[in-house]
Amino acid sequence: MKVSELNERIVIQSQTDTVTPSGERTKVWGTESAIWARVREQSETESVSGGTGNELVQSITEFTIRARRDISTANRVLYRGRAYDVIEFLQLHGSREWSKIKAVKRDKQSE
């Protein structure tokens, strides 16, 4: 892969606890970093069936980035104004240069 293929800007966020002025505890998303990525919609989808005949199909988006070790499923990605939940983070084929984030798009209501 070439660095020039990292042509989309994404934001890595993490969730923190905060206290509102009224004293309520709430969770908020904060930006950790803005980085360049190659973005690919996977043609594969994951199907989950609880035996009820109802299937949930999620399209997975892959974000390839320069190698990092500080991302986990506790993070989320912002891309083109939409939030994506990280479901997997891995190093590419033992590469010290590239990492891959697999994520699913959040519902607009849960953003």
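Structural notes, computed from the coordinates.

What to know about the overall build of the protein
On a plain count of helices and strands, the protein comes out with 0 helices and 6 strands. For the protein, the succession of helices and strands along the chain, N to C, is β-β-β-β-β-β. Counting across all 111 residues of the protein, residues that qualify as buried make up 32%. Across the protein, the fraction of contacts at a sequence separation of at least 24, relative to all contacts at a separation of at least 6, is 51%.

Section: the pattern of salt bridges
In a structure, side chains of opposite charge can pair up when their charged atoms sit close to one another. One pass over the structure, following the stated rule, counts 8 salt bridges. A salt bridge links Arg 80 to Glu 8; the nearest nitrogen and oxygen atoms lie 3.2 Å apart. One end of the pair, Arg 80, is in the loop between strand S4 (76-79) and strand S5 (82-91); the other, Glu 8, is in strand S1 (residues 8-19), with 72 residues separating them in the sequence. We note a salt bridge from Arg 68 to Asp 70, for which the minimum N-O separation is 2.7 Å. Look at Arg 68 and you get buried, because its relative accessible area is 18%. The partly exposed category is assigned to Asp 70, whose relative accessible area is 43%.

Quick look at the pairing of S4
As defined by bridge partners, S1 adjoins S4 across 3 bridges and the pair is classed as antiparallel. Bridge pairing in S4 links Gln 13 to Arg 76.

What to know about the pairing of S5
One ladder, built from 4 bridges, connects S4 with S5; its direction is antiparallel. Paired with Leu 78 across the two strands is Ala 83, which belongs to S5. Where S5 meets strand S6 (residues 98-105), 7 bridges bridge the pair, whose relative direction is antiparallel. Looking across to S6, one finds that Phe 89 is bridged to Ile 101.

What counts, and where the lines are drawn
Residues numbered from 1 in each chain as written. Predicted model: local features only at pLDDT ≥ 70, side-chain atom pairs only at ≥ 80, totals over all residues. Heavy atoms only, no water. Helix = DSSP H or I, 4+ residues; strand = E, 2+ residues; numbered from the N terminus. Buried < 20%, exposed > 50% of the residue type's maximum accessible area, 1.4 Å probe, protein only. Contact = heavy atoms within 4.5 Å. Salt bridge = Lys/Arg side-chain N within 4 Å of Asp/Glu carboxyl O. Pairing = 2+ DSSP bridges.

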